[in-house]
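# What the coordinates show
This is what each chain is made of:
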Amino acid sequence: MTSEQLFQKALKLMPGGVNSPVRAFRSVGGNPFFVSRAEGASLYTVDGEELVDFVCTWGPAIHGHNHPEIKKAISIALDNGTSFGTPNPYEVEMAEKILSMVPSIEKVRMCNSGTEATMSCIRLARGFTKRDKIIKFSGCYHGHVDSLLIKAGSGALTLGNPDSAGIPESFARETIVLELNNLAQLTEVFEKHGFEIASVILEPYPANVGLIFPDTGFLRKLRELCTNAGTLLIFDEVMTGFRVSPGGVQQRENITPDLTALGKIIGGGLPVGAFGGKADIMDYLAPLGPVYQAGTLSGNPLAMAAGITGLRLLQELNPYEQLNQLGVQIRDALLSAANKKGLPLQVPQIGSMFSMFFSENPVRNYDDAIASDTKLFQKLFRYCLKNGVYLPPSPFETCFISTAHKDSAIDKACEVLQAGIAEI
Ligand SMILES: *Cc1c(COP(=O)(O)O)cnc(C)c1O
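Below is a short write-up of the structure.

So, how was this worked out
Residues numbered from 1 in each chain as written. Predicted model: local features only at pLDDT ≥ 70, side-chain atom pairs only at ≥ 80, totals over all residues. Heavy atoms only, no water. Helix = DSSP H or I, 4+ residues; strand = E, 2+ residues; numbered from the N terminus. Rg over C-alpha atoms; globule rule 2.2 N^0.38 Å. Buried < 20%, exposed > 50% of the residue type's maximum accessible area, 1.4 Å probe, protein only. Contact = heavy atoms within 4.5 Å. Lys, Arg positive; Asp, Glu negative; His and termini not counted. Charge placed at Lys NZ, Arg CZ, Asp CG, Glu CD. Phe/Tyr/Trp six-rings, centres within 6.5 Å; stacked < 30°, edge-to-face > 60°. Lys NZ or Arg CZ within 6 Å of the ring centre and 35° of its normal. Near = heavy atom within 4 Å. Polar contact = N/O pair within 3.5 Å; in protein donor to acceptor, adjacent residues only side chain to side chain. Areas by Shrake-Rupley, 256 points an atom, 1.4 Å probe, with all protein chains shown as cover. Nonpolar A, V, L, I, M, F, W, Y, C, P; charged D, E, K, R; others polar. Pairing = 2+ DSSP bridges. Salt bridge = Lys/Arg side-chain N within 4 Å of Asp/Glu carboxyl O.

### Brief notes about the overall build of the protein chain
A count of helical and extended segments in the protein chain gives 15 helices and 14 strands. The C-alpha atoms of the protein chain give a radius of gyration of 21 Å, which matches the 22 Å a tight globule of 424 residues would have. Principal-axis analysis of the C-alpha atoms places the extent of the protein chain at approximately 55 × 55 × 45 Å. Burial analysis of the protein chain (424 residues in total) assigns 56% to the buried set. The long-range fraction of contacts in the protein chain, counting pairs at least 24 apart against all pairs at least 6 apart in sequence, stands at 72%. Looking at the protein chain, you have 37 positive and 43 negative side-chain charges, and the mean spots of the two groups are 3 Å apart.

### Quick word on the packing of aromatic side chains
What characterises a pair of aromatic rings is the spacing of the ring centres plus the angle enclosed by the ring planes. Per the stated rule, a full pass over the model turns up nine aromatic pairs. Ring geometry for phenylalanine 33 and tyrosine 390: centres 4.8 Å apart, planes at 80°, overall edge-to-face. Taken together, the positions of phenylalanine 33 in the loop between α1 (3–13) and β1 (35–39) and tyrosine 390 in strand β13 (residues 389–390) put the pair 357 residues apart, joining distant regions of the chain. Residue phenylalanine 33 is classed as buried on the basis of its relative accessible area, which comes to 18%. Among the aromatic side chains, those forming a connected cluster through ring pairs are Phe25, Phe33, Phe381 and Tyr390. A cation over a ring is seen here: arginine 37 above tyrosine 44, with NZ or CZ 4.2 Å from the ring centre.

### Digging into the site of the ligand
Looking at the ligand, the residues that line it are Ser113, Gly114, Thr115, Tyr141, His142, Gly143, Glu203, Asn208, Asp236, Val238, Met239 and Lys264. At 3.3 Å, a backbone N or O of tyrosine 141 approaches a nitrogen atom of the ligand. Lysine 264 places a polar side-chain atom, nitrogen or oxygen, 2.6 Å from an oxygen atom of the ligand. Coverage of the ligand by the protein amounts to 83% of the 390 Å² it exposes when considered alone. In terms of residue class, the shell around the ligand is made up of three nonpolar, six polar and three charged.

### What about the sheet that holds β1?
Strand order in the open sheet made by the four strands is β1-β2-β3-β13, with mixed pairing throughout. Strands with a single pairing partner mark the edges of an open sheet, and in this sheet they are β1 and β13. In this structure, β1 lies alongside strand β2 (residues 42–45), joined through four bridges in antiparallel fashion. The partner of alanine 38 across the bridge, within β2, is leucine 43.

### Brief notes about the pattern of salt bridges
On inspection of all chains with the given rule, the structure shows 11 salt bridges. Lysine 133 serves as the salt-bridge partner of glutamate 174, at 3.4 Å between the closest nitrogen and oxygen. Of this pair, glutamate 174 sits in the loop between α6 (169–172) and β6 (175–178) while lysine 133 sits in strand β5 (residues 133–137), and the two are 41 residues apart along the sequence. Within this structure, Glu69, Arg312 and Glu316 form a network of salt bridges that share partners.

Now the structure itself:
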């Protein structure tokens, strides 16, 4: 069956024909393509096309698709059974690996998605501090957790309903939403409410409303305000963990959060999340403490085997400088094409992450991001897709590069992106 036939069938069987909303292409127009196989930096569609992939399964595939060593690790684990429901040796190895890589984590718990990780961090912070209120920042996405799905960027933003139906107002009332990079506002809220706030959660490099960087000193000041108020600082590094450095943003910026949420890369392409932090806080979790959290498939041996191998490869290859060079090459290609055409374009980039805002000025927060010209992005997306390059199907997603993106794939992508910008 072709993509079109599969999608028409899927529409009758699943809401919107998809199992996750952004996949439906609503914000770029047209219908999604179906993929039958992925290898290295390429997706192969059921329609016989090959696409250079800059979505990388929304972040996890830092080693590209179907990496032979990850595949082998899964198949070895598979020989011994898919799930035991008891402790297994892989969990211990995974925990050791995470502790050795992520500076702030003294104890860790595995779960099955990034959403579970952030949800559990929030519950743990509330249980530990015995406070109810939390602070989040507009444009930061932390998965589809009730209390965090407010001004949440990404899919919610793309669909034009930043606040989801089905979330009681009384839940939303416990969430204070602030503007990124607005230190005056942050300081004022801490002066008034500091001692009621259980935690502040943020993506330390927000990457779900396009890519935004914190102003110099913003994260450090936030750390200081939290420490003084007894508020726990939660870094959601589901996207940035193992991506911007082995130890995530916290390592790059040398800031120690109390809790960290992880996901995506940590599963090597299988469904995994994790959260961890200071030992005395983590010991508040059941079975030691009063905060309940559990999972039938948490620490699953196949998922652990894939994740451990993915992390080991990062340690062995240390690909961060090489990935950054590719990121810079794409950024420069985009900027020079836009410059030639006289189009205002911002390309925030760090290492293997970049995004595009058609906007005069650098984007510092949610309002700046949604004021950018999304129509131009849609045109560029469609041009690239027609010419074998798959960008994320939304102007508010971040593009990813993997170690499987060979120079030839990057050169091709740069050509297509430049031709696309000339055309739109
Ligand atoms: C993807 C993402 C999540 C949610 O992870 P899921 O595995 O999709 O539940 C949470 N936080 C951030 C920063 C993310 O990018």
